[in-house]
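Here are the chains, one letter per residue:
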Amino acid sequence: MKKGTILIKNAAELVTCSGFGPKFGKAMEELHIIPNGAVYIEDGIIQMVGTTEEVERKLTHYPEQVIDAAGKAVLPGFVDSHTHFVFGGYRAEEFSWRLRGDSYMEIMERGGGIINSVRATKEASREELFKAGKKRLDSMLSFGVTTAEGKSGYGLDYETEIKQLEVMKEIDQVHPVDVVKTFLGAHAVPKEYKGREDEFIDFIIEKVLPEVVERNLAEFCDIFCEKNVFSVEQSRRLLTKAKEMGMKLKLHADEIVQLGGAELAAELGAVSADHLLQASDQGIKAMAEKGVITTLLPNTAFSLREHYARARYMIDHKCAVALATDLNPGSCFTESIPLTFALATLYMGMSPEEAVTALTLNGAAAVGRADTIGSIDVGKKGDIILLEFPSYKYIPYHVGVNTVEKVVKNGQLVFDKEKGGILC
């Protein structure tokens, strides 16, 4: 027996999603499934992948732990590449307003929306944010998420933006789920800067961004590029500066109106552009050509009762599509991976195979980590999930229900539904 070793064997389907970079267009259908599959992990890293017979034949010592996956599908851990999981307060009343017919922008104009969460997050203590954020991450883990992106953006000032990022860093140090941190200081325009948006961008560039970079509090910079929020030029200015300072780029792009965010993402070489409900044909073509991951958030469109992003069109035009939950307190208060799968396959024209790729390897690419996570390949992290059923096709088929039975993170069993849930 060698310390830190685990063998998962007899999988009805070992869905490897094999690859070390994003999959574009038709390649998203390729899951590289091994029947009666096995994966051997040592010291947190995948060492062998193949049929159970092949892997067991190559073993030179008995593993510390063996998981019999007979009758179960085994997949890479899901990567939720767009969330806002650290925030204060809730906005249940606004949800009722939307059900009554009020639009997202109307709610924002009356002082609701993001600004509402900003107030609550400013008032919340670090301990309160840590406790709430960790609890949400626990829930995400139960859905099979092994890596999650988390954004700031509920401060819009120096103190609270830094506080959010520091809390995410603290959670990352103690929680099994890896947290990819994104600085979203330009998430909305503070009331005191209304009509002076350029000055607010100056403030973010001069006062907040340097601290984020110097202390390595985030690896991505994001901005809400949208009508009545930040223009394409303002977004270009902030993101260009962030890129010069060594940060990777993301954009909230073309969610509510067709503003040109998709084109800007391609121009700047962003890692991903997210939402994209209104993205133009030209913008989609440009993102495909430049290798920008198109991260689609069907739960948000569902919650806002908006039309879904054109996933089928994007894939057919050679984009690399990722899917994410957009967990946040306002427009999309859900971390449900099953809901994401159901909406993508039932309403966005994606096949089950494309949805799996979008939530594994392409999700990993959307956070710049496709070389280390997102597939079951030798040399990658041992981030694995086992389903209760023999095929990945049960994920969208068992509509809206969590089919994840076990989660292995860095080669350790950290969640087991049969044993009561989280084990660490």
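Residues numbered from 1 in each chain as written. Predicted model: local features only at pLDDT ≥ 70, side-chain atom pairs only at ≥ 80, totals over all residues. Heavy atoms only, no water.

### Focus on a nonpolar patch on the surface
The condition that has to hold: For patches, a residue must show more than 30% relative accessible area and have no salt bridge; joins then use 9 Å for like charges and 5 Å for nonpolar side chains, namely Val, Leu, Ile, Met, Phe, Trp and Tyr. Residue exposure ignores everything except the shown protein chains as possible cover, and the areas themselves are Shrake-Rupley values with a 1.4 Å probe. Salt bridges are identified by distance alone: a Lys or Arg side-chain nitrogen within 4 Å of an Asp or Glu carboxyl oxygen. What counts as a helix is a DSSP run of H or I of at least four residues, what counts as a strand is a run of E of at least two, and both are numbered from the N terminus. The classification of residues rests on relative accessible area computed with a 1.4 Å probe and restricted to protein chains. Under 20% of the type maximum is buried, over 50% is exposed, and intermediate values are partly exposed.
A cluster of nonpolar side chains, L346, Y347 and V399, forms an exposed patch at the surface whose accessible area comes to about 350 Å². Within the fold, Y347 resides in helix 13 (residues 337–347). The exposure class assigned to Y347 is exposed, which follows from its relative accessible area of 55%.

### Examining the sheet that holds strand 10 (residues 248–253)
In plain terms, the rule: Pairing between two strands is assigned when DSSP locates at least 2 bridges connecting them. Lines fitted to C-alpha atoms define the axes, with helix axes restricted to the stretch in contact, and inter-axis angles between N-to-C directions lie between 0 and 180 degrees. In this analysis, two residues are considered to be in contact whenever any of their non-hydrogen atoms come within 4.5 Å of each other.
One open sheet accounts for eight strands, arranged 6-7-8-9-10-11-12-13; its pairing is parallel. What marks the edges here is a single partner per strand, and that holds for strand 6 (78–80) and strand 13 (320–323). Each strand of the sheet is rotated relative to its neighbour by a mean of 25 degrees, with strand direction disregarded. In terms of strand pairing, strand 6 meets strand 7 (residues 145–151) through three bridges, oriented parallel. From the neighbouring strand, D80 faces strand 7, where its bridge partner is A148. Across the sheet, helix 8 (residues 232–244) lies against strand 8 (178–186), strand 9 (220–225) and strand 10, angled at about 175 degrees from strand 9, the strand it touches most.

### Observations regarding the environment of A27
Inspection of the secondary structure assignment puts A27 in the loop between strand 1 (2–15) and strand 2 (33–42). Note: C-alpha distance between A27 and K318 (291 residues apart in sequence) is 8.9 Å.

### Description of helix 2 (residues 92–100)
Formally: Throughout, the arc means that of the directions going from the helix axis to the C-beta atoms.
Residues E94, W97 and R98 constitute the buried set of helix 2. Here the buried residues of helix 2 occupy an arc of 100 degrees about the axis, which is enough to place them on one side. Exposed positions of helix 2 whose direction lies more than 90 degrees from the buried face are A92, E93, L99 and R100. Backbone geometry just after helix 2 places G101 at a positive phi near 120 degrees.

### Looking at the packing of helix 6 (residues 158–174) against helix 7 (residues 197–214)
Put simply, the rule is: An angle below 35 degrees is read as roughly parallel, one above 145 as roughly antiparallel, one from 65 to 115 as roughly perpendicular, and any other as oblique. Left-handed is the label given to a crossing in which the near helix is rotated counterclockwise from the far helix by less than a right angle, and right-handed is the label when the rotation is clockwise. Under the grouping applied here, Gly and all other residues not named as nonpolar or charged are polar, the nonpolar ones being Ala, Val, Leu, Ile, Met, Phe, Trp, Tyr, Cys and Pro and the charged ones Asp, Glu, Lys and Arg.
The interhelical angle for the contact between helix 6 and helix 7, taken along N-to-C directions, is 30 degrees, at an axis separation of 10 Å. Judged by the inter-axis angle, helix 6 sits roughly parallel to helix 7. As for how helix 6 packs across helix 7, the hand of that crossing is right-handed. On helix 7, the residues that touch Y158, E161, I162 and L165 of helix 6 are F203, K207, V208, E211 and V212. Class assignment of the residues belonging to the contact of helix 6 with helix 7 gives a composition of six nonpolar, no polar and three charged.

### Notes on the pattern of salt bridges
Scanning all chains against the criterion turns up 31 salt bridges. K248 is the partner of E219 in a salt bridge, and the nearest nitrogen-oxygen pair spans 3.6 Å. Highlighted residues: E219 in the loop between helix 7 and strand 9 and K248 in strand 10, separated in sequence by 29 residues. Take E219: its relative accessible area is 24%, and that puts it in the partly exposed class. Since its relative accessible area comes to 34%, K248 is described here as partly exposed. A single network of salt bridges, built from pairs that share partners, joins K72, E405, K406, D416 and E418.

### Thoughts on unusual backbone geometry
In this model, N216 sits at a positive phi of 55 degrees, which is unusual for a non-glycine residue. For N216, a relative accessible area of 55% gives the class exposed. Located in the positive-phi region is N410, a residue other than glycine, with phi close to 50 degrees. With respect to the element layout, N410 can be found in the loop between strand 15 (404–409) and strand 16 (412–416).

### Section: the packing of helix 5 (residues 126–142) against helix 6
When two helices pack together, their arrangement is given by the angle between the helix axes and by the axis-to-axis distance. Between helix 5 and helix 6, whose axes approach to 10 Å, the crossing angle comes to 50 degrees. Classified by the interaxial angle, the pair formed by helix 5 and helix 6 is oblique. The hand of the helix 5/helix 6 crossing is right-handed. For the pair formed by helix 5 and helix 6, the contact residues are R126, L129, F130, G133, K134 and L137 on the first element and K163, E166, V167, E170, I171 and V174 on the second. Here the contact of helix 5 with helix 6 is built from residues that sort into six nonpolar, one polar and five charged.

### Quick word on the state of the cysteines
What counts here: For the purposes of this analysis, a disulfide is any pair of cysteine sulfur atoms at a distance within 2.5 Å.
The final tally for this structure, using the stated rule, is zero disulfides. C225 carries a free sulfur, and the closest cysteine sulfur to it, the one in C221, is 12 Å from it. A relative accessible area of 0% places C225 in the buried class.

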